[in-house]
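Structural overview
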Amino acid sequence: DEVIVPDGPEIYNFIMGDTTASGERTVPGRIYKLERGKLYIVTETLEIDFDFYLVADDDDPSNPTRPPMIVRGVHPDGSLVDNPFALVGDNIKVKFENLIFQGVPMDGVVKNDWAVGLWGSGTDVHLEINKCVFNSWTYTSMDLGMLNLKLYITDCIFRNMVQPVHPFGGQVSGTWNAVDTLLFTNNTYFNCSSYIVLPERDRRCNYVRFDHNT
């Protein structure tokens, strides 16, 4: 099952409100599709504890259009959204494809803060990130604490991860629990001021593959 998500500031209400009267997901495993060229403003952290697929179509070479852009908005109290997505479930599968995760908020000013594009906890999470762009996350694009995480990052671009005041700012990806699999293939890293891959605090990684990255 596939459904188009409305653009603008509706992404949180649309996805998190897609439940039955008893609180179950309306369609388990539903694919949420964003549209190329459109802007999606996150006004609350989406706490994902279910199988979750957020994708867009591949580009049309005859009519090139930028991927949909996910941008940090503000909470109802006016504070800035620091974590657009928190992956907090156990035994879930999550996929992001053909998206831009924009760390610069709606006011257009780069914030030297500790914002994270993807944050995670839980156990036995399978996470795929394909053909996405992460731009200007001044702490890290993803800070993942899942136990036995399987992380597959392919054909992505990470750019402008810069934090001028702290050695751990400007990371691309960090994990802080025992990891099953880390696989990075065909990605590009540009203007990043800290770790490309950081398994933190001496945590065990069963299998790491870093292949054909630039």
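These remarks concern the structure in this document. (Residues numbered from 1 in each chain as written. Predicted model: local features only at pLDDT ≥ 70, side-chain atom pairs only at ≥ 80, totals over all residues. Heavy atoms only, no water.)

1. Some points on the sheet that holds strand β10 (residues 116-120)
If you walk across this open sheet you meet the six strands as β4-β7-β10-β13-β16-β19, and the pairing is parallel. Of all strands in the sheet, those with a lone pairing partner are β4 (46-48) and β19 (197-199), marking the two edges. Neighbour-to-neighbour, the strand axes of the sheet open up by a mean angle of 15°, direction not taken into account. Of the pairings in the sheet, the one linking strand β13 (residues 140-144) to strand β16 (residues 171-175) comprises four bridges and is parallel in character. Bridge pairing in β16 links Thr140 to Gln171. (Pairing = 2+ DSSP bridges. Helix = DSSP H or I, 4+ residues; strand = E, 2+ residues; numbered from the N terminus. Axes fitted to C-alpha atoms, helices over the stretch in contact; angles between N-to-C directions.)

2. A short note on the sheet that holds strand β18 (residues 188-190)
In space, the six strands of this open sheet follow the order β3-β6-β9-β12-β15-β18, with parallel pairing throughout. Of all strands in the sheet, those bounded by a partner on one side alone are β3 (39-42) and β18. Averaged over all pairs of adjacent strands, the angle between their axes in this sheet comes to 15°, without regard to strand direction. The sheet contact formed by β3 and strand β6 (residues 69-72) spans four bridges and is parallel. Among the inter-strand pairings, Tyr40 is bridged to a residue of β6, identified as Ile70.

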